[in-house]
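A structural walkthrough
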Amino acid sequence: MPSSQHHWVELIHGYVLRFAQPHHLDERLWKLWKAVEQDLAYGWSLTDLAERAILSKEHLRRICKKQLGRRPVQHLTFLRMQRASELLATTEDKIDTIAYQIGYASGAHFSNAFTKWVGVRPSEYREGRAGGGE
């Protein structure tokens, strides 16, 4: 599926940026995303993210796009989907529980977002991981 391939490329891109080239990431961004990863359940808005990074919203948008290849809210979703994938693969937590842990108000909203980003429903992702891969 082209949609799922795109999101896997995004995941890989994020890992490369995060692990292979951490010295190129603006320190303000690194600190911001580290804090966000620690509290994905919080209802982060662009204003919250900019205030946390001590940047204007527009400057945060610019440096995120330049350094991460995506807007701040897209990166927030990326981090949430990354954590959701980990939780689906390593826990038996219910979909609703995972949704709340990563900042979604409902399991249905999370499931729709996950399907859009990953290309399969969370339950299908979990079944695929439990079955030894996709």
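Just above, that's the structure.
The following paragraphs examine the structure supplied in this document. All values derive from a computational prediction rather than experimental measurement. (Residues numbered from 1 in each chain as written. Predicted model: local features only at pLDDT ≥ 70, side-chain atom pairs only at ≥ 80, totals over all residues. Heavy atoms only, no water.)

1. As for the packing of helix α3 (residues 46-53) against helix α4 (residues 57-68)
Viewed as axis vectors pointing N to C, α3 and α4 meet at an angle of 85 degrees, and their least axial separation amounts to 9 Å. As judged from the angle between their axes, α3 and α4 are roughly perpendicular. For the pair formed by α3 and α4, the contact residues are L46, T47, L49 and A50 on the first element and K57, L60 and R61 on the second. Looking at side-chain class alone, the contact of α3 with α4 contains 4 nonpolar, 1 polar and 2 charged residues. (Axes fitted to C-alpha atoms, helices over the stretch in contact; angles between N-to-C directions. Helix = DSSP H or I, 4+ residues; strand = E, 2+ residues; numbered from the N terminus. Parallel < 35°, antiparallel > 145°, perpendicular 65-115°, else oblique. Contact = heavy atoms within 4.5 Å. Nonpolar A, V, L, I, M, F, W, Y, C, P; charged D, E, K, R; others polar.)

2. What about the packing of helix α2 (residues 27-38) against α3?
α3 packs onto α2 with a crossing angle of 125 degrees between their chain directions and a minimal axis gap of 9 Å. Considering their axes alone, α2 and α3 lie oblique with respect to each other. You can see that α2 and α3 cross each other, and the crossing is right-handed. Here α2 contributes R28, L32, W33, A35 and V36 to the contact with α3, which in turn contributes L49, R52 and A53. Residue composition of the contact of α2 with α3, grouped by class: 6 nonpolar, no polar and 2 charged. (Left-handed = near helix turned anticlockwise from the far one by under 90°.)

3. Remarks on helix α7 (residues 107-118)
Here α7 spans 16 Å end to end across 12 residues, near enough to the 16 Å set by a 1.5 Å rise per residue. G119 lies just past α7 and shows a positive phi near 100 degrees. (Expected span 1.5 Å × (residues − 1).)

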